[in-house]
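Report on the structure
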Amino acid sequence: MAVRDRPTTARRDPAEAQDRSGTARDAVLPDGCMDLLWSEGRLLVAGPDTRPHTPEAAPGGWAGIRFYPGTAPAYLGVPASELRDRRVELTDLWPAAEVRRLTARIDAAADPVEALEEVALLRAAEAGPPDPLLRDVVAALGAGRPVAETADRLGLGARQLHRRSLAAFGYGPKTLARVLRLQRALALARDGVPFTETALRAGFADQAHLARDVRELAGATLGELVGHR
């Protein structure tokens, strides 16, 4: 769900993995996004990942909304770099009384995801729109443009881009570029594109380069992630 310059949210239930066999495909992989997660009586924030994360079990399962890369810090009021590779209670970021009120509202909702989306949109309206330049950064790096070229096109110095990327995405633009390239490769491979062609189309030097990056960022082989042997 996109609301102009407001955070983009999407339905996701990361706890579906509780009933699976614990394979590589169950893990939440780096994608540049941050999530607001709910389980009965509990609200958490999932920071930007640089490695795979296996969701913890919850008796009632989880519901969540996902923010477009770079939009969550304005909503949460905290730099993304402080939440990198972390899952934190929302009470660590916001006043406990406010979190209790929001949690009770979501607990009572017929559809927790819809309630989470409503909470996010209300908070986003108060926080104001995120920096539009951040979407340009994501679009450029997501299309495979080099970091230096992206900085030049946006009129930023390398240090400026790095500093703003840390605050917005949780890591520098080179890491963001690797994460987005990983996601391009996964999308291609899941569509049945041969791995050699996937590597070239996603922007890797070759299939060996693809294999190294997938192992480093996802902790598995591409075949394990897409169900190929």
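The rules we used
- Residues numbered from 1 in each chain as written.
- Predicted model: local features only at pLDDT ≥ 70, side-chain atom pairs only at ≥ 80, totals over all residues.
- Heavy atoms only, no water.
- Helix = DSSP H or I, 4+ residues; strand = E, 2+ residues; numbered from the N terminus.
- Buried < 20%, exposed > 50% of the residue type's maximum accessible area, 1.4 Å probe, protein only.
- pLDDT = per-residue confidence, 0-100.
- Contact = heavy atoms within 4.5 Å.
- Expected span 1.5 Å × (residues − 1).
- Arc of directions from axis to C-beta.

1. Focus: the environment of P59
- Mapped onto the elements of the fold, P59 is located in the loop between strand 3 (42-46) and strand 4 (63-67).
- Judged by relative accessible area, which is 93%, P59 ranks as exposed.
- Between the alpha carbons of P59 and S39 there is a distance of 8.4 Å; along the sequence they are 20 residues apart.

2. Description of the confidence of the model for the chain
- Per-residue pLDDT for the chain has a mean of 88; in total, 88% of the residues score no lower than 70.
- Long-range and interchain partners of residues 1-22, a stretch whose pLDDT sits below 50, account for 58 contacts in this model, where long-range means more than four residues apart.

3. Let's talk about helix 2 (residues 96-107)
- Across its twelve residues, helix 2 extends 16 Å between first and last C-alpha, which sits within 8% of the 16 Å expected from 1.5 Å per residue.
- Turning to helix 2, its buried residues are V99, L102, T103 and I106. Buried residues of helix 2, viewed axially, fall in a sector of 100 degrees; they line one side. In helix 2, the exposed positions that point more than 90 degrees away from the buried face belong to R100 and R101.
- Against the buried residues of helix 2 lie strand 2 (34-39), strand 3 and helix 3 (112-127).

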